[in-house]
Amino acid sequence: MKKKVALITGITGQDGSFLAKLLLSKNYKVHGIKRRTSFFSTKRIDDVLKEKHSKNQTINLHYGDVTDSVNCFDLIKKIKPDEVYHLAAQSHVAISFEQPYYTANVDFLGTLNMLESIRIYNKKIKFYNAASSEMYGDSRNSIGEQNENTTFNPKSPYAVSKLASFHLTKVYRESYGMFASNGILFNHESEIRGENFLTRKVSKFVAKYSFTKKGILLLGNLDSYRDWGYAPDFVDGIWRILQYKHPDDFVLSSGITHSVKKFVILAFKHIGVELKFKKIGNQYFGYNKLNNNLVLKTINYYYRPNEVNYLKGNYLKAKKKLKWKPKTNINNLIKIMVDNDIENLRKSL
Ligand code: NAP
Ligand code: GDD
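All values reported here derive from a predicted model rather than from experimental measurement.

1. Details of a nonpolar patch on the surface
Part 1 of the reasoning: On the surface, I216, L218, Y301 and Y302 cluster together into a nonpolar patch covering about 420 Å² of accessible area.
Part 2 of the reasoning: Among the secondary structure elements, Y302 is positioned in the loop between β15 (294–298) and α10 (316–322).
Part 3 of the reasoning: Exposure remark for Y302: the relative accessible area of 37% places this residue in the partly exposed category.

2. Considerations on the site of ligand 2
Part 1 of the reasoning: Taken together, the neighbourhood of ligand 2 is formed by 24 residues, with S132, S133, Y158, R304 and E307 sitting nearest.
Part 2 of the reasoning: R193 is positioned such that a nitrogen or oxygen atom in its side chain is 2.8 Å from an oxygen atom of ligand 2.
Part 3 of the reasoning: A distance of 3.0 Å separates a nitrogen atom of ligand 2 from a polar backbone atom of N196.
Part 4 of the reasoning: Coverage of ligand 2 by the protein chains reaches 95% of its 720 Å² of free accessible surface.
Part 5 of the reasoning: Its residues placed into classes, the shell around ligand 2 shows nine nonpolar, nine polar and six charged.

3. A few points about the sheet that holds strand β3 (residues 59–63)
Part 1 of the reasoning: In space, the seven strands of this open sheet follow the order β3-β2-β1-β4-β5-β6-β11, with parallel pairing throughout. Whereas interior strands pair on both sides, the edge strands pair on one side only; in this sheet they are β3 and β11 (249–252). Averaged over all neighbouring strand pairs, the angle between strand axes comes to 20°, with direction disregarded.
Part 2 of the reasoning: Relative to β3, strand β2 (residues 29–34) runs parallel, the two being bridged by five bridges. By the bridge assignment, I33 is partnered in β3 with H62.
Part 3 of the reasoning: Sheet contacts for helix α3 (residues 69–79): β1 (5–9), β2, β3 and β4 (83–86); angle to β3, the most-contacted strand, approximately 150°.

4. Concerning the packing of aromatic side chains
Part 1 of the reasoning: Enumeration over the complete set of coordinates arrives at 16 aromatic pairs.
Part 2 of the reasoning: A ring pair is formed by Y225 and Y310, whose centres lie 5.6 Å apart and whose planes are at 40°; its orientation type is tilted. On the criterion of sequence distance, the pair formed by Y225 in strand β9 (residues 225–226) and Y310 in the loop between β15 and α10 is long-range, its members being 85 residues apart.
Part 3 of the reasoning: A residue is classified by how much of its surface remains accessible, and Y225, at 33% relative accessible area, is partly exposed.
Part 4 of the reasoning: Arranged with centres 6.0 Å apart and planes meeting at 85°, the rings of F277 and Y284 form a pair that is edge-to-face.
Part 5 of the reasoning: With relative accessibility at 23%, the residue F277 sits in the partly exposed group.
Part 6 of the reasoning: Overall, Y284 belongs to the buried group, its relative accessible area being 7%.

5. Here we look at the pattern of salt bridges
Part 1 of the reasoning: Considering all chains together, one arrives at 17 salt bridges under this definition.
Part 2 of the reasoning: Of the charged contacts in the structure, one is a salt bridge between K204 and E195, with a shortest N-O distance of 3.0 Å.
Part 3 of the reasoning: Overall, the relative accessible area of 37% leaves K204 in the partly exposed class.
Part 4 of the reasoning: You can call E195 partly exposed: its relative accessible area is 44%.
Part 5 of the reasoning: Among the charged side chains, a salt-bridge network with shared partners connects E134, R226 and E307.

Rules behind the numbers
Residues numbered from 1 in each chain as written. Chains lettered and ligands numbered in written order. Predicted model: local features only at pLDDT ≥ 70, side-chain atom pairs only at ≥ 80, totals over all residues. Heavy atoms only, no water. Patch = residues over 30% accessible without salt bridge, like charges linked within 9 Å, V, L, I, M, F, W, Y side chains within 5 Å. Areas by Shrake-Rupley, 256 points an atom, 1.4 Å probe, with all protein chains shown as cover. Salt bridge = Lys/Arg side-chain N within 4 Å of Asp/Glu carboxyl O. Helix = DSSP H or I, 4+ residues; strand = E, 2+ residues; numbered from the N terminus. Buried < 20%, exposed > 50% of the residue type's maximum accessible area, 1.4 Å probe, protein only. Near = heavy atom within 4 Å. Polar contact = N/O pair within 3.5 Å; in protein donor to acceptor, adjacent residues only side chain to side chain. Nonpolar A, V, L, I, M, F, W, Y, C, P; charged D, E, K, R; others polar. Pairing = 2+ DSSP bridges. Axes fitted to C-alpha atoms, helices over the stretch in contact; angles between N-to-C directions. Contact = heavy atoms within 4.5 Å. Phe/Tyr/Trp six-rings, centres within 6.5 Å; stacked < 30°, edge-to-face > 60°.

Written out as structure tokens, the structure reads:
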């Protein structure tokens, strides 16, 4: 049987690398777009690339950038994918306030470039767009959860760009009959999460603290709530979205929300450290309960000009239609992340 061909934009990122490995395990021929960088950027997929010569199963990488429309069209024409997973983005919310044009260019126009390339070359190619729970901003429906029918109220240049690309994907679906679907994904993390996202910043610090019992973790807002899941569970949902009988939009989430403060408490608890907090004005100070040593504080630098205070996703539609549900709870997620960072440190000693 002919292998299905998939093209992943953002293959060097967290989700792209997990998805590539999932698709290889399903016997896909996998292609990915990587940007030219001054350092190698393929760390997350190097294990697969190394197998290139030993097994006939690998990832075919192509240089590219989703802001380059000619490049996008050329790659679609050359690769002739059956499925395109469009994950490439400037994905950091706080940085989108510093680089709003760049974020809009990659996250919105990049999506337009991919959709146009598919429309012109072959409308039968299935398209997945990585939309985000950030698009909800602070809107909640009556049960305090967000689902596919909740109103969007974006709070950052990132969220606005993602919302524009979400609507664009729907426009291509409705106007040209394309199989173009959106995944509205809530936060999902892992041991290979980017190091400037909250969970990884915390897991790395906690791992180091477990060895040194030194250092002060500097954070921003501890009072926001996030619905955190495990990335490998979510890429399985992404794949299911493109296997569904027709194109549609789906929320993928854990369905449970915790404050940032709770995440930090649980991460320290995992290494046997209990925290106690003091709040002076708006600033938090966190101490090791055992010896009263300061281990964390909040500083203005890490606060955002605008914050999404509360995210809790309802994934009922995905559960019913895609038979998808998350498998990893927050305690297991923290265990995976902190233990992996401890192991990384051990190896580097
Ligand atoms: P990530 O780790 O930041 O990966 C982003 C990927 O996009 C990287 O491979 C990056 O390449 C690539 N990229 C950035 N700009 C590009 C450009 N101009 N052209 C080509 N590639 C470019 O993000 P992630 O966590 O895997 O998330 C994947 C997607 O899901 C993103 O669109 C994100 O916005 C969305 N999303 C993520 C979450 C989450 O919680 N993780 C939730 C909802 C939605 P480099 O390696 O060269 O930087
Ligand atoms: N990054 C970061 N760094 N966040 C901090 C810090 C800090 O030092 N201190 C507190 N926070 C808070 C943020 O203000 C936010 O409320 C929460 O921790 C989570 O921040 P991030 O981990 O940066 O993730 P995010 O929720 O802003 O965005 C992620 O999830 C979105 C889906 O909801 C990203 O993966 C986006 O790409 C994704 O769309």
